[in-house]
6 protein chains.
Amino acid sequence: MDSPAEPYASLRYFVLSHPSPHVAHVEINRADKLNAFHEAMWLEMGSVFRALSHDPEVRAVVLSGRGGKGFCAGLDVKAAAEGDMLGSSGGGKGKMDAARTSQKLRRHIGEFQGSVGEIERCDKPVIALLHGISFGLAIDIACCADIRLAVADAKFSVKEVDIGLAADIGSLARLPKVVGSSSWVREVCLTARIFGAEEAQRVGFVSRVCETKEKGLEAATALAGLISEKSPVAVMGTKEILKHSRDHSVDDNLRYTSVWNSAMLQSSDVQVALLSGIQKKKPRFEKL
Amino acid sequence: MDSPAEPYASLRYFVLSHPSPHVAHVEINRADKLNAFHEAMWLEMGSVFRALSHDPEVRAVVLSGRGGKGFCAGLDVKAAAEGDMLGSSGGGKGKMDAARTSQKLRRHIGEFQGSVGEIERCDKPVIALLHGISFGLAIDIACCADIRLAVADAKFSVKEVDIGLAADIGSLARLPKVVGSSSWVREVCLTARIFGAEEAQRVGFVSRVCETKEKGLEAATALAGLISEKSPVAVMGTKEILKHSRDHSVDDNLRYTSVWNSAMLQSSDVQVALLSGIQKKKPRFEKL
Amino acid sequence: MDSPAEPYASLRYFVLSHPSPHVAHVEINRADKLNAFHEAMWLEMGSVFRALSHDPEVRAVVLSGRGGKGFCAGLDVKAAAEGDMLGSSGGGKGKMDAARTSQKLRRHIGEFQGSVGEIERCDKPVIALLHGISFGLAIDIACCADIRLAVADAKFSVKEVDIGLAADIGSLARLPKVVGSSSWVREVCLTARIFGAEEAQRVGFVSRVCETKEKGLEAATALAGLISEKSPVAVMGTKEILKHSRDHSVDDNLRYTSVWNSAMLQSSDVQVALLSGIQKKKPRFEKL
Amino acid sequence: MDSPAEPYASLRYFVLSHPSPHVAHVEINRADKLNAFHEAMWLEMGSVFRALSHDPEVRAVVLSGRGGKGFCAGLDVKAAAEGDMLGSSGGGKGKMDAARTSQKLRRHIGEFQGSVGEIERCDKPVIALLHGISFGLAIDIACCADIRLAVADAKFSVKEVDIGLAADIGSLARLPKVVGSSSWVREVCLTARIFGAEEAQRVGFVSRVCETKEKGLEAATALAGLISEKSPVAVMGTKEILKHSRDHSVDDNLRYTSVWNSAMLQSSDVQVALLSGIQKKKPRFEKL
Amino acid sequence: MDSPAEPYASLRYFVLSHPSPHVAHVEINRADKLNAFHEAMWLEMGSVFRALSHDPEVRAVVLSGRGGKGFCAGLDVKAAAEGDMLGSSGGGKGKMDAARTSQKLRRHIGEFQGSVGEIERCDKPVIALLHGISFGLAIDIACCADIRLAVADAKFSVKEVDIGLAADIGSLARLPKVVGSSSWVREVCLTARIFGAEEAQRVGFVSRVCETKEKGLEAATALAGLISEKSPVAVMGTKEILKHSRDHSVDDNLRYTSVWNSAMLQSSDVQVALLSGIQKKKPRFEKL
Amino acid sequence: MDSPAEPYASLRYFVLSHPSPHVAHVEINRADKLNAFHEAMWLEMGSVFRALSHDPEVRAVVLSGRGGKGFCAGLDVKAAAEGDMLGSSGGGKGKMDAARTSQKLRRHIGEFQGSVGEIERCDKPVIALLHGISFGLAIDIACCADIRLAVADAKFSVKEVDIGLAADIGSLARLPKVVGSSSWVREVCLTARIFGAEEAQRVGFVSRVCETKEKGLEAATALAGLISEKSPVAVMGTKEILKHSRDHSVDDNLRYTSVWNSAMLQSSDVQVALLSGIQKKKPRFEKL
């Protein structure tokens, strides 16, 4: 909404780079804490993806974590406890009754969900590269991405039950719609057991496993590059219709799609794409 | 609705045969153009499946493409451009403003979706055999079938982004509900990359891979034959309830099912089936 | 609702034991008839799971079938025919017209669905161990469990079309939401073909295959034990939110989750879990 | 779909006229039978409204019944019984079992619903003028119209329970969404009691009562004329979005609306309308 | 489910009579406490309506309150506080943390909602006669009835905000779907202001106002009598389809209706009704 | 989200006052332009209601327009045309193709809807007082309020079709859910005809008509005052559950409500309310 001239100028917890034209690379930048999140971080993450969503120079996004240890260790529990972000997780709340505490917590959870959800709402496809420790919030975040790649050393856990709570930032909402086996989803969510990259690929959580983080970044960037060479009208429409499809019936989605494409087919991109197909040249599409 | 005495008499783009009792085999019949579709074809396809849906002699349908090169190469883009079927895909539409063009396109897409959707609405199970080139519209069509088999040489692509548009005839609505891995679905839809039969089986898009087209047809026909020997009341009910289940909650589906079966359990087929089970004979069921 | 002092005292068709603290083991106890169900059995099963749902001593449930031959052979068709439970399955109903017969059948199906559905509604996670013959109703029951394990000798079949009817106790409602491949689901539902443990695992129907029934019970009990050591507030919330997620959009689920956790985060379990994490001790949680 | 050169040429049970530019008037033309319907009639009614929906010359439609006695007395029960259209309403169906009869009836009801529903699906607003006897099917039809006017002599009845069945062509689906008082809706549906024009207006079923049929036709035609002078892009969009709104949440409708208008705002009609507002002239809009 | 030989034998808080054939009259029987409810009462009310739902002798139900002071003054707050039914409404719950208290309250509310909801789930139409004080729970109960009549002295209030809570037994869920004006609904729910019979009729909450309680009972009984003379197949179907319609889209409801009537049209009631129409005799329908 | 120390300090187009404790009065402050809106205004309106939603001092809000001429004349069309906010409403967009223009418009409409929707999302009840000219956007805004009062001189119009477009900021989404008569809604939306306060009350759009603007403000402020004296926990819960109820089934809403109240019943407000009822004193509730 408010995209100032330099929307990315003041990033503190994320690093933004452009490995190739129209591709943005977002890195979680708190490697010394295993990229664990506190409130200022997820607010910033929300802002970054809101800006990327409308940035006409960007057509695909890669999201990864800095450092060699892991994508993200989850919530920074210490910061959360200090900031009272696990609500009255300490009980004995002094003045506030349970209803009022509840109301405060509900707003807090809603804002947290909203920030993380910006990844999903981003109009551009997001490719998450998951390496090393990828616990708790890492799963919430990864489920918001369009495509997930793993590095062979990745260790995943839907960690929340281990700290006494049900995951509430989206893992339980999205994971069952991201992989096919309900039995597997419930097992990993109810036990918090760690699973690796190979298992993640077998159940369909990630669509590829890369040997090292470097190769993973290459693969993710290449994939983003490939997408960014397509018509941005076609790519944005494809993401939007797939997003809509998850939460709607087929009939509803077809109706929505027909209205969507009734405008989008009037793009010059169709001609550009067809012509370059005939001429065996790379098409060049206007900004969106 | 209008099922004349000879509903299949005047087929131009499809061939209909009956490889075994109660089994219909529909073949796309434009092998010289890789079975690419133009408007008259999909209208005819809609009519064929509408007629099969109510044909009391037919209990299961096999759908395949003629020729050795492929099931279907997608939309016949040349015909589409001439017939203005990609809308004003060339822009500069002369007299019509963007809103009016949009309205025309919306109706056009709706009718196209409607014709292809007749495969899904068909009361009889449809088994699609996919071989060779199976691009674009081939995926839309295949997603409407109940069961998909692939020949080893099959090459699949959700091709639409490569011609500058988001797939709008059903691939994006149905594919995420046909296979389990959202990461994989988004990858193939956003990149249009080609994938083969083995990958298609691994992700669950097809349930079997056959060595050659001939073996594929044998397998598909045998599967259709097996289904056509079951109670047609049971088979139609199973398809209907599964279709309903995709787009409704479990509670809604259970309620619908209880109403459905409150009539269907009054069929004589239950007795016929139980008796033939005891007598170790093949049951013979009345027409539906 | 009405949980008397000894809710499990009068069990006739089920055996209840407690292999470890907070773990309940429910066994179907009609091995001489391959654990086939008649009406009194499913009513009792419903009562058992309704009681377990609110039993503060129980935090996870294992469900299996007694005997070496199988988990459950399905409906006891002979008893069903005698009790007229397949409705007028014999037609010629004497006095009642088809509408009145239909009304009676609809209520009957609804009550049957309701009893089986208690497994799903149970507030505690349910782990089903499937061995040997697991036909028809066995699939309906298994689909209501949270996690499914198979013994290597398991033989599965969505058997209903073979007795002339569409499955109406939940298999067609839940199976498509339990595994990822629609093509596979429709194939096994339309053909009633038997499939084994390995195939069940490959498509995601079960999440593990165990060599023998004994090893299966060990695995199921260990899994239940692991879950029962977690915070019961976290586990119940995780099950509830996952259940809600299946039938709702992501946005709806996130809203529901934020309200749910606004109360649940006020549990002392979060502190207990965090503290025991720091102290490397096993946490001890209050009853729920 | 199939709009031949003269789509209205062969009307038998309806009369079509054009009382003013862009306004079509459809009259039910079986006054000697109180405009009671048989199958050929509703099929023709479906065709008429399908053609009107896409007819660029038509921007609003008036629907009324010929003769002085009534809009429509409902289903022609005698014809229905002969044509077996109340299904096996006589029971004892000879060869067909209850399941097969049920299947035949289900298709029949579906086609009947489909024909009547074309009034609702028609892209142009439909104004129904209800006079005299308006029973049973008259209510189903009226509920599909956008706006209902009544003549003072109108007598309404949701008549179906009086002939031993629940209304199945749409009255029970739409009436509760057409008027505000659930208590009133259930009373008139459960008792089939007759109510008059004044009561119909008080509960909001009709929005105006006219003294005589002649004055009613003037009012309906004037209303249609007023609508037909507005931008056809704006009018069609308004109807479409209102239709969508009835069956969707507010959030879903807002999303759909934003996509719809993203194309429609590119119409020249906005400028034409604004300019003519400034110039105090009647705007002239292009065909749609 | 459990309908013993004498399901109504042991009623303590309700009186059941049969003012005319096939009509049941249920009276809340705690006039000395203004018919205020405690837990045993609503459990009994649930049982009564569950039994009536399946009682073949009953075709319509009248619900009223004994005594001259009012239909029901709401929850018996004193009993609720003692029984801890407003949860820890007093806070400081001793041993239980807020999450565990919350869990207990959630189950309690769910069971309370379930008992009251039996009125809505009852297969027979329910007519509520509201007189005098009709506060709080009286509105929840009345909203579950199909038809509401008021006595002129009725005083209504959605009272819950006045005791510090949001109504949770159904008023807020159903009232907006029972009357048309959202502005009015929100005003009376947010302010708890008292409104009278005339206002209730004007906004459509009740469909008739009767001068005295006696006249009200006559009117309610006559209405129930009228309904009970219709085909019970038609009446039950009408209620079921209207109930379904409230919570589903028109398309969904039409599909459900076509399946429902595919069995119900095979009733002999259609012939009986038509014949008695021709013969000008009262029809006699078989039990359902 | 970002509620600085002085969230209301810099208001330009709105005036905020506090006519009584816990009541906020928001006035649209552009009387010289009949309170017509441009983009900066609706962004500011969104911010105001976002701040009010979380402001612990505020428990109810009155919304009105400054000046004697009207609540709001709608969109400031001149500003919109200059700022290109009717999209390419003039067509001939120079460089941008129709698809790209469409994409820009879609985001713009979404943001506009989002700002206006903050009134609905506001956790505190909003009472709109409508006087004089209340056209176009005035209806969108009014439909987001909880309660609507009208001054006798109010003139309403769903004006959008008169400027060549379908209303897209919420009138068509919400109006059919705000009043009961679909026929009336469609008539006023399709014709843009002006209606007065009395008609608005008769159809339920407003719940009261006041003689003059002064009396209207008194009434609105008194109503807000009455609400603000109730338990803020009860009031917020009532609004939230009513909001949820509009877009969900009754069953869904009951489940949501039981979770909501499982925390909220733990408020001390219940005791405070009961006690003050006994003591006949005004209750004093803690901030929320």
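Rules and cut-offs
- Throughout, residues of each chain are indexed from 1 in the direction in which the sequence is written.
- Following the order in which they are written, the chains are lettered starting with A and the ligands numbered starting with 1.
- Note on the predicted model: pLDDT of at least 70 is required for a residue's local features to be given, and 80 or more for side-chain atom pairs to be given and counted; whole-chain, interface and lining totals, by contrast, use all residues.
- UniProt positions are given in the numbering used here, feature names are shortened, and annotations may be inferred rather than shown by experiment.
- The criterion for strand pairing is that DSSP finds at least two bridges linking the strands in question.
- Secondary structure elements are defined from DSSP: runs of H or I of at least 4 residues count as helices, runs of E of at least 2 residues count as strands, and each element is numbered from the N terminus.
- We call two residues in contact when their backbone-placed C-beta atoms lie within 7 Å.
- Three classes are used, and their members are as follows: Ala, Val, Leu, Ile, Met, Phe, Trp, Tyr, Cys and Pro are nonpolar, Asp, Glu, Lys and Arg are charged, and the others, Gly among them, are polar.
- In superposing the copies, a least-squares fit is computed on C-alpha atoms, taking residues whose pLDDT is at least 70 in both.
- On a scale of 0 to 100, pLDDT captures the predictor's confidence in every residue.
- Here, a nonpolar core means buried Ala, Val, Leu, Ile, Met, Phe, Trp, Tyr and Cys residues linked by C-beta atoms lying within 7 Å of one another.
- Residues with at least 20 neighbouring C-beta atoms inside 10 Å of their own are called buried, those with 12 or fewer are called exposed, and the rest are partly exposed, where every C-beta is derived from the backbone.
- Lines fitted to C-alpha atoms define the axes, with helix axes restricted to the stretch in contact, and inter-axis angles between N-to-C directions lie between 0 and 180 degrees.
- Angle categories are assigned with fixed cut-offs, so that under 35 degrees is roughly parallel, over 145 is roughly antiparallel, 65 to 115 is roughly perpendicular, and the rest are oblique.
- By definition, turning the near helix anticlockwise from the far helix through less than a right angle yields a left-handed crossing, and turning it clockwise yields a right-handed one.
- A domain assignment, automatic or from a database, supplies the domain bounds used here.
- By definition here, a helix of n residues has an expected span of 1.5 Å times n minus one.

- The name that an unreviewed UniProt entry assigns to chain A is Mitochondrial, with the source organism given as Zalerion maritima.
- Chain A has a UniProt comment under Pathway (unreviewed entry) that states "Lipid metabolism; fatty acid beta-oxidation."
- Of chain A, the UniProt comment under Sequence similarities (unreviewed entry) reads exactly: "Belongs to the enoyl-CoA hydratase/isomerase family."

1. Quick notes on the pairing of strand 1 (residues 14-20) of chain F
All names here are of chain F.
- Bridge analysis of strand 1 against strand 2 (residues 23-28) gives five bridges, and the strand direction is antiparallel. Residue pairing in the sheet places Leu16 in a bridge with Val26 of strand 2.
- The loop that links strand 1 with its antiparallel partner strand 2 comprises two residues; one of these, His22, has a positive phi angle of about 70°.

2. Overview of the interface of chain B and chain C
- The interface of chain B with chain C comprises 47 residues on the first partner and 42 residues on the second.
- Among the elements that take part in the side of chain B that touches chain C, helix 10 (residues 250-264) of chain B stands out by supplying ten residues, more than any other.
- Across the side of chain B that touches chain C, the residue classes tally to 23 nonpolar, 18 polar and six charged.

3. Points about the relation of the copies chain C and chain A
- Least-squares fitting of chain C to chain A yields an RMSD of 0.0 Å, with the superposition described by an axial translation of 0.0 Å and a rotation of 120°. Expressed as a symmetry operation, the mapping of one chain copy onto the other fits a three-fold axis. Across chain C, the smallest distance between a C-alpha and the rotation axis is recorded for C:Gly180, namely 2.2 Å.
- When the interface residues of chain C are mapped onto chain A, a mere 9% of them again fall at the interface, so the copies present different faces.

4. What about the confidence of the model for chain A?
Residues and elements named next belong to chain A.
- Averaged over all residues, the pLDDT of chain A equals 93, while 93% of them reach at least 70.
- Taken as a whole, residues 1-5 scores under 50 in pLDDT and shows three contacts with residues more than four places along the chain or in a different chain.
- In the predicted structure, residues 87-93 sits below a pLDDT of 50 and forms 17 contacts with residues beyond four places in sequence or in another chain.
- Across the whole predicted complex the pTM is 0.96, and at the interface the ipTM reaches 0.95.

5. Quick word on the nonpolar core
- The biggest cluster of nonpolar side chains holds 612 residues, and the ones touching the most others in it are A:Ile127, B:Ile127, C:Ile127, D:Ile127 and F:Ile127.
- When residues no more than four places from it in sequence are discounted, the contact partners of F:Ile127 are F:Ala60, F:Val62, F:Leu63, F:Ala145, F:Asp146, F:Ile147, F:Leu149, F:Ala220, F:Leu223 and F:Ala224.

6. Notes on the sheet that holds strand 5 (residues 126-130) of chain E
All names here are of chain E.
- Taken in spatial order, the six strands line up as 1-2-3-5-7-10 in an open sheet, and their pairing is mixed. Here the strands that pair on one side only, and so sit at the sheet edges, are strand 1 (14-20) and strand 10 (208-210). Strand-to-strand twist of the sheet, defined as the mean angle between neighbouring strand axes without regard to direction, takes the value 25°.
- Sheet analysis places strand 2 (residues 23-28) next to strand 3 (residues 60-65), joined by six bridges and oriented parallel. What sits directly across from Val26, in strand 3, is Leu63.

7. Some remarks on the packing of helix 5 (residues 171-178) of chain D against helix 9 (residues 232-246) of chain E
- Where helix 5 of chain D contacts helix 9 of chain E, the axes come no closer than 9 Å and their chain directions differ by 55°. Relative to helix 9 of chain E, the element helix 5 of chain D lies oblique. Seen from above, helix 5 of chain D lies across helix 9 of chain E with right-handed handedness. Two secondary-structure elements touch here, helix 5 of chain D through D:Leu172, D:Ala173 and D:Pro176 and helix 9 of chain E through E:Thr238, E:Ile241, E:Leu242, E:Ser245 and E:Arg246.
- Class assignment of the residues belonging to the contact of helix 5 of chain D with helix 9 of chain E gives a composition of five nonpolar, two polar and one charged.

8. Some points on the interface of chain C and chain A
- Each partner contributes residues to the interface: chain C has 47 residues there, and chain A has 42 residues.
- For the side of chain C that touches chain A, the secondary structure elements donating two or more residues are strand 7 (147-151), helix 5 (171-178), helix 8 (213-228), helix 9 (232-246), helix 10 (250-264) and helix 11 (269-279) of chain C.
- When its residues are assigned to classes, the side of chain C that touches chain A shows 23 nonpolar, 18 polar and six charged.

9. Focus: the domain arrangement of chain A
All names here are of chain A.
- Taken domain by domain, chain A comprises domain 1 (14-228) and domain 2 (232-279).
- Contact residues are listed per partner, giving six residues for domain 1 and five residues for domain 2.
- Residues belonging to the side of domain 1 that touches domain 2 are distributed by class as follows: two nonpolar, no polar and four charged.

10. With respect to unusual backbone geometry
Residue and element names in this part refer to chain A.
- A positive phi angle is found at Ala192, which is not glycine, with a value near 60°.
- For Ala192, the position within the fold is in the loop between helix 6 (182-191) and strand 9 (195-196).
- Classification of Ala192 as buried rests on a count of 21 C-beta atoms within 10 Å.

11. What about the sheet that holds strand 5 (residues 126-130) of chain A?
Residues and elements named next belong to chain A.
- Pairing is mixed in the open sheet, where six strands are placed in the order 1-2-3-5-7-10. Two strands bound the open sheet, and with one partner strand each, they are strand 1 (14-20) and strand 10 (208-210). Sheet twist, expressed as the mean angle between neighbouring strand axes with direction ignored, is 25°.

12. Here's the deal with the relation of the copies chain B and chain C
- Aligned on chain C, chain B shows an RMSD of 0.0 Å; the corresponding rotation is 120° and the shift along the axis is 0.0 Å.
- Each copy contacts the other with its own distinct surface, as only 9% of the interface residues of chain B are interface residues in chain C too.

13. A short note on helix 9 (residues 232-246) of chain B
- For helix 9 of chain B, built from 15 residues, the straight-helix expectation of 21 Å at 1.5 Å per residue is met to within 8% by its first-to-last C-alpha distance of 21 Å.
- For helix 9 of chain B, a buried count of 13 out of 15 residues is recorded, marking the element as mostly surrounded by other parts of the structure.

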